[in-house]
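Each chain is listed here by its residues.
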Amino acid sequence: MPTVIQRRQKCIGCNYCVELAPEHWRMSRKDGKSVLLGATDKRGNWVLKISEAEAEANRRAADACPVKIVDVRD
């Protein structure tokens, strides 16, 4: 089962993840950074298990991230 990992503190709020995988990402009105919906905080990394069908959109989001703070691992 693939896992999405976000290092949120380094987010610059570019919005690519929201555009490419809107079912898992939103922009925070509070600080302007992206939020990985349903994720849990594990020592500053936000982690979410996803299905294989959801992985491709999140891989595109990870590739588009200009600061490379999103990873999708199998």
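> Explanation requested: the nonpolar core in the structure shown.
The nonpolar side chains of soluble globular proteins are, as a tendency, buried together. Formed by 18 residues in total, the largest nonpolar core has its most connected members in Val4, Trp25, Leu36 and Val70. Among the elements that take part in this core, helix 2 (residues 52-64) stands out by supplying 4 residues, more than any other. Setting aside chain neighbours within four positions, we find tryptophan 25 in contact with Val4, Gln6, Cys17, Val18, Ser34, Val35, Leu36, Leu37, Asn58 and Val70.

> Just to check I follow, could you spell out the state of the cysteines for this structure?
A covalent bond between the sulfur atoms of two cysteines is what we call a disulfide. Considering all chains together, one arrives at 0 disulfides under this definition. Free cysteine cysteine 17: the closest other cysteine sulfur is in cysteine 14, separated by 6.1 Å. For cysteine 17, a relative accessible area of 8% gives the class buried. Cysteine 14 supplies the cysteine sulfur nearest to cysteine 65, a cysteine that is in no disulfide, at a spacing of 5.5 Å.

Procedures and definitions
Residues numbered from 1 in each chain as written. Predicted model: local features only at pLDDT ≥ 70, side-chain atom pairs only at ≥ 80, totals over all residues. Heavy atoms only, no water. Core = buried A, V, L, I, M, F, W, Y, C linked by side-chain atoms within 4.5 Å. Buried < 20%, exposed > 50% of the residue type's maximum accessible area, 1.4 Å probe, protein only. Helix = DSSP H or I, 4+ residues; strand = E, 2+ residues; numbered from the N terminus. Contact = heavy atoms within 4.5 Å. Disulfide = S-S within 2.5 Å.

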